[in-house]
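# Descriptive structure summary
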Amino acid sequence: MGFHIDHICFSYEERKVLNDISLLLDPGHFYGIVGPNGCGKTTFIDLLMGHRRITSGSILYKGKNIASYSRKALAKEISLVPQNFYINFPFNAREIVMMGRYPYIPRFSPPSAEDIQVADEIMMKTGTKKFEDRYMTEMSGGERQRVIFARALAQDTPVLMLDEATSNLDISHTLNLLDIVADKVKQKGNTVIAVIQDINLAATYCDRMIFMKQGGIAAYGDTDEVLTEETIKTVFNVSSKVYSEPYSNSKKVAFIRE
Ligand SMILES: Nc1ncnc2c1ncn2[C@@H]1O[C@H](COP(=O)(O)OP(=O)(O)OP(=O)(O)O)[C@@H](O)[C@H]1O
């Protein structure tokens, strides 16, 4: 049982940003959310995270209203790699990754041996161990992004939300991190819900896609079915050719400049 999103609307004060969205997001899938700038993707993710309250409708997670979960209970279920992460206090990379373990560490207690082991393993896998002692304020944008990604993985939740989480990473780190989470979807039945601007990257990893436009859902379903030239035209007003690409065994889009 995943998310049951029922006729939700959301406004920033007077401004309606999401309009009547209904979706069922089942566990065990890699969802890609795609859509033009400003169409409401981050706002949608914020609502699923319980960070903002919907104006109308309901969001159930595992059958319970998302707003009824305590912060700590929700942190054991859902983690997020945000689009922007601001930090001006000089935490080092290890401290940031360890923050992912906070739902499991009792108040006023130090991290357990297990917490330390999990953080170490994640840092090795994400290639962030080599700068574990470096301050976040003294890293490149891509290095910081990988540490924030590692923090979310250390949280070890059944649901992981990615908001353009790899947009400033090189291709090698992008593939490494998306492979790690795709593996969790396959092996453990975890759920990934990822806002991805790069449609071809989304098509490679996501078995289901949600196309958003002007605060609503323009198309939703299995990637093979919804990723079409018509969808790209409707959502982005861009002409394209959609074709099957044998190397990644997925659909790909070639954009046509007119
Ligand atoms: N805090 C806010 N207060 C008022 N309006 C906001 C706020 N945050 C976002 N908006 C507006 O809400 C709309 C949706 O924003 P959102 O960030 O969800 O879009 P997005 O699809 O994630 O965009 P992008 O692809 O550019 O990241 C935009 O028109 C934006 O200007």
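As the structure is a prediction and not an experimental result, all values here were calculated from the model.

## Considering the UniProt feature "domain: ABC transporter" (unreviewed entry) in the chain
- Feature annotation in UniProt assigns "domain: ABC transporter" (unreviewed entry) to the following positions: residues 3-239.
- Between the end C-alpha atoms of residues 3-239 there is a gap of 33 Å, over a span that is 36% helix and 26% strand.

## Considering the sheet that holds strand β3 (residues 30-34)
- Strands sit in the order β6-β7-β8-β3-β9-β10 across an open sheet of six strands; the sheet is mixed. At either margin of the open sheet sits one strand with a lone partner, and together these are β6 (78-81) and β10 (216-222). Strand-to-strand, the axes of this sheet are offset by a mean angle of 15 degrees, without reference to chain direction.
- On top of the sheet, helix α9 (residues 229-236) reaches β3, β9 (208-213) and β10; it is set at about 30 degrees to β9, its chief contact.

## Quick look at the pairing of strand β2 (residues 15-25)
- Bridge count for strand β1 (residues 3-12) against β2 is seven bridges, and the pairing is antiparallel. Each residue of the ladder has a partner; that of Phe-3, found in β2, is Leu-25.
- Hairpin connection from β1 to β2: two residues lie between these consecutive antiparallel strands, with Glu-13 at a positive phi of about 55 degrees.

## Digging into the pattern of salt bridges
- Considering all chains together, one arrives at 12 salt bridges under this definition.
- Where Glu-132 meets Lys-129, a salt bridge forms, and the shortest distance between an N and an O atom there is 3.1 Å.
- Via salt bridges that share partners, Arg-94, Asp-120, Lys-129 and Glu-132 belong to a single interconnected network.

## Notes on the environment of Lys-62
- Following the sequence through the fold, Lys-62 ends up in the loop between β4 (56-61) and β5 (64-65).
- Each C-alpha atom, one on Lys-62 and one on Tyr-31, is 17 Å from the other, the two residues being 31 residues apart in sequence.
- Filtering out sequence-adjacent residues up to four positions away, Lys-62 remains in contact with Met-1, Gly-2, Tyr-69 and Glu-77.
- There is a polar contact of 2.9 Å between the side chain of Lys-62 and the side chain of Glu-77.

## Topic: the nonpolar core
- The biggest cluster of nonpolar side chains holds 49 residues, and the ones touching the most others in it are Phe-30, Leu-162, Val-181, Met-209 and Phe-211.
- For this core, the element with the most residues is helix α5 (residues 141-154), which contributes seven residues.
- The residues contacting Leu-162, other than those within four sequence positions of it, are Val-81, Phe-149, Leu-178, Val-181, Val-192, Ile-193, Ala-194 and Val-195.
- Residues Ile-5, Phe-10, Ile-21 and Cys-39 belong to the second largest nonpolar core, which totals 30 residues.

## Overview of the site of the ligand
- In the neighbourhood of the ligand, 14 residues make up the surrounding shell, with Arg-15, Gly-38, Lys-41, Thr-42 and Thr-43 lying closest.
- One nitrogen or oxygen atom from the side chain of Arg-15 is found 2.9 Å from an oxygen atom belonging to the ligand.
- A distance of 3.2 Å separates an oxygen atom of the ligand from a polar atom in the backbone of Cys-39.
- Notes on the ligand: free accessible area 640 Å², of which the protein chains cover 65%.
- Mapped by element, the contributors of at least two residues to the shell around the ligand are β2 and α1 (41-48).

About the cut-offs
Residues numbered from 1 in each chain as written. Predicted model: local features only at pLDDT ≥ 70, side-chain atom pairs only at ≥ 80, totals over all residues. Heavy atoms only, no water. UniProt positions renumbered as here; feature names shortened; annotations may be inferred. Helix = DSSP H or I, 4+ residues; strand = E, 2+ residues; numbered from the N terminus. Pairing = 2+ DSSP bridges. Axes fitted to C-alpha atoms, helices over the stretch in contact; angles between N-to-C directions. Contact = heavy atoms within 4.5 Å. Salt bridge = Lys/Arg side-chain N within 4 Å of Asp/Glu carboxyl O. Polar contact = N/O pair within 3.5 Å; in protein donor to acceptor, adjacent residues only side chain to side chain. Core = buried A, V, L, I, M, F, W, Y, C linked by side-chain atoms within 4.5 Å. Buried < 20%, exposed > 50% of the residue type's maximum accessible area, 1.4 Å probe, protein only. Near = heavy atom within 4 Å. Areas by Shrake-Rupley, 256 points an atom, 1.4 Å probe, with all protein chains shown as cover.

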